[in-house]
Amino acid sequence: MESRELDNVARQLQRERQASEEAIDTLRRGVDRANQKSYASSTILGQALIKSFAHSFAVLYEERLHLLRKGKAAVDAELVVNKLKNVDPYVVWVIIAKTGLDVLGKESHPQLVELSVPMSQAVHNQLRLDWYWKENRDLYKDTERYFHPATGTRQKNTVLKRAFNKAGIEWPSWNRTVHHKVGGWLLDIFMRATGWLKVETRQRTKLRKCSVLVYSREYLELRDTITHQAESVAFCQWPMLCPPIAHTNEEPGGYLSEIIRKSQPVIRKSHSLGACKQGELPLRMMNNLMGVALRINRDVLEVANHCKEHQISIGKFCCDKFIDPPASPGEHPTEEELREYKRARRTIEDHNAQLAQRNWRTSEVMYVANKYADEPAFYCVVSADYRGRIYYNNTALNPQGTDFDRSLLYFSGEGVVDPYYLAFNVSNAYGNDKMSMKDRIDWTYDNFPLIERIARDPIGTISDWEVAAEPWVFMASCCEFARCCIWETKWTSGLPVGVDATQSGIQVLCSLTLDGNGGDLVNLTPGDKPQDGYKTVADYAANLLDSPYNSWLNRKVSKRVCMTVPYGVSRNSARSYIRNELNAQGRDLSEPGVLSDIVYAIYDEAIPSIFPGPVNAMNWLQSSAQKILETQDEICWTSPSGFKVVQDLRKPKGKRVKTRLLGSIVTSFVADGAGEVDKAHHKNALAPNVVHAADAALIHYVFSYWDKPFMCIHDCTLGRSCDMREMGQQVRLHFAEMYKHPVLQEWANEVGVEIPEDLMKNTLDIELVNESDYFFC
């Protein structure tokens, strides 16, 4: 190993130590910040504690409440029973555990009343909201729709209480005496079930003593154990300065310290490699991808730093500003002025409350990008999910991230420029990916003035490029194309050029069943221009609707529903996708029945008529799950590339607790582990998993022996402009070779089911993929 390589290994070891230290420091600061803001329950420690003790609390709660019903075990039994008799004990646990941890996080030695009363008040608020829901569900929904994710529980309570009081629906609130009694009983159960607290008498003044709650030794030991476990795996997953360690069937590779931490298996959330040996091609492909050297695109980073400094948001680059509250309406405002002031203030406060959450992703990417800005090369660690799909482990500077993330990445090893594919990338990024190849290239050459203007001054021309479909990639492509193909000041390029499959899920199902009709619509066969299955479905559905609703349908309305057909999209999900897109386009859906008619036209009529083969294949795969599970607890098969797929889906040993105050929370009532087989989940997951395993197998085939820089985003591949012709040929060649084999029959034989006679269409000549320009484009 050369000295420079050794130096990079040493620097990487130092970087990983820094990544661990920084992650631990961030974890601790987050805990401290949460404690100070009375959000201790939201930390890793708080969540672990809430999940661990749910069952023991619920059991004791029901036992003690049963004794209360008999008038035993406590004073004020009748009062407590009347207030709590209809509450789910798991809901009570989540509420009082959250409240207790939040109080204890900020005040380590509270008096009993400082804990018991807030617990009772929290349960009281939950009961009140449940009562509101039962009394007038429509009013509740109308009020709740103005809440956003950052709306606090106190604000929810206040707004809903005001709305219901105004409507004459008033909840009989508990007085402080009731809160003392109910809260004292809840605190007693809390302490008995957890053993976290004990009562001590403290001298407050010379003449006064008081009882306070302090942590027990058992709690402190538990806290330290959980914290230590969390810190032991805390790690900032940054890119590597040297090539990652190769994955094997014996040991996971990746980061140099992974052999010690053992926190990132090769196959995510599934069987270990020791229990499930993988074929050569998948591992070879992953190792090949981890050896690709990247660097930062300085053109993009310079613009991004400017935008961050001046808080300019563009596309997925979110850097929104803090907005000052509106000016006060004065001492004697009119009712309308006061209402308008409150409305404006609420809008601004909602914006500011969500600011950190919206900007977080951009801040993280910018931090890492600037950290690696001067590195001539860095590498990304990858792993696979249980279906074989490849994922990058680093959370920032990730090719599978947003348009902005991808624009920052540049292949370290450049190649000779191919003007055709640089022009192709410019046009695609602008949003011309549905044009013919000739029209895409012509668009680029017809827009030289725009491209040159952007390349000369990307900061001054933000308004020109922020309108593109992928603004950051478009800007980066303009800079590269101008230097390489217009000004000719640069003769090599490392800009990633991307090509994508056309409705990859439908392509896979058509190939599995050799469905020529469906294959024609997703570009498995050659044509003069790209076929658009989304538009075909929209046009078909439009013919079933009256005016003006038929004019509402376009490819965007049908796109997401069509895209999720291979994955078993439900009617409710389809309805939601269609509604969201129509709302985004400003359509009025208030007239009864309009949305239902549109959903029926697209989901029930157009898609089964346009893509009958894929729909039937998806339905058959779903029905096969039940038969397979008659004799086994999991569904296992080998993908065409040799990847061992293990679909092992079980119901969690836990209880899902939904509260109107806290959202939906999962609490485990036993230790780690899974329960019985989840047959419904198996049924819904089998079709998408067969499809995903097949499209992952294609990527394994293409890139296991590929010796040039590349990236992959599931069914999208990226490479240098000079390599794209060969990459396209290889994708088509391996796709055709893969489906020349009876892939679906081999799958059926392996899992033990029979293929219906009418499922296989045998009308597709899979070799024609090699002649299709628009199969991957």
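These numbers come from a predicted model, not from an experiment.

Taken in spatial order, the 3 strands of this open sheet run E9-E17-E16, and their pairing is antiparallel. Unpaired on one side and paired on the other, strand E9 (497-500) and strand E16 (710-713) mark the two borders of the sheet. Ignoring which end each strand starts from, the neighbouring axes of this sheet average 20 degrees apart. Across 4 bridges, E16 lies against strand E17 (residues 716-719) in antiparallel orientation. Within E17, the position partnered with Ile 713 by the bridge is Cys 716.

Two residues of an α-helix separated by three or four positions point the same way, owing to the 3.6 residues in each turn. An ideal rise of 1.5 Å per residue puts 22 Å on 16 residues; helix H3 (residues 54-69) measures up with 22 Å between its terminal C-alpha atoms. Among the residues of H3, those classed as buried are Ala 54, Phe 57, Ala 58, Leu 60, Tyr 61, Arg 64, Leu 65 and Leu 68.

With respect to the element layout, Ser 547 can be found in the loop between helix H24 (533-542) and helix H25 (555-563). Each C-alpha atom of the pair Ser 547 and Tyr 219 lies 67 Å from the other, and the pair is 328 residues apart in sequence.

The next subject is empty space enclosed by the protein. Unfilled space is identified by rolling a water-sized probe across the atoms. Across all of its chains, the model carries 6 cavities of 30 Å³ or more by this definition. Considered as a void within the structure, the largest cavity measures approximately 90 Å³ in volume. In this structure, the largest cavity is lined by 15 residues; those nearest its centre are Val 508, Asp 695, Leu 698, Phe 735 and Phe 776. Listing elements by their share of the lining of the largest cavity, those giving two or more residues are helix H22 (504-513), helix H29 (679-703) and helix H30 (724-740). With 4 residues, the single largest contributor to the lining of the largest cavity is H29. Partitioned by chemical class, the residues of the lining of the largest cavity number 10 nonpolar, 3 polar and 2 charged.

Our next topic: the pattern of salt bridges. Scanning the model with the defined rule gives 35 salt bridges in all. Glu 676 is the salt-bridge partner of Lys 651, the closest N and O atoms lying 3.2 Å from each other. Of this pair, Lys 651 sits in strand E12 (residues 650-652) while Glu 676 is found in strand E15 (residues 674-677), placing the two residues 25 residues apart along the sequence. What you see here is one network of salt bridges that share partners, running through Arg 295, Glu 414, Glu 480 and Lys 490.

What counts as what
Residues numbered from 1 in each chain as written. Predicted model: local features only at pLDDT ≥ 70, side-chain atom pairs only at ≥ 80, totals over all residues. Heavy atoms only, no water. Pairing = 2+ DSSP bridges. Helix = DSSP H or I, 4+ residues; strand = E, 2+ residues; numbered from the N terminus. Axes fitted to C-alpha atoms, helices over the stretch in contact; angles between N-to-C directions. Expected span 1.5 Å × (residues − 1). Buried < 20%, exposed > 50% of the residue type's maximum accessible area, 1.4 Å probe, protein only. 1 Å grid on protein atoms, 1.4 Å probe; cavity = no way out; pocket = protein on both sides within 12 Å on 5 of 7 lines; lining within 4 Å. Points joined across faces, edges and corners; volume = space filled by probe spheres on them. Nonpolar A, V, L, I, M, F, W, Y, C, P; charged D, E, K, R; others polar. Salt bridge = Lys/Arg side-chain N within 4 Å of Asp/Glu carboxyl O.

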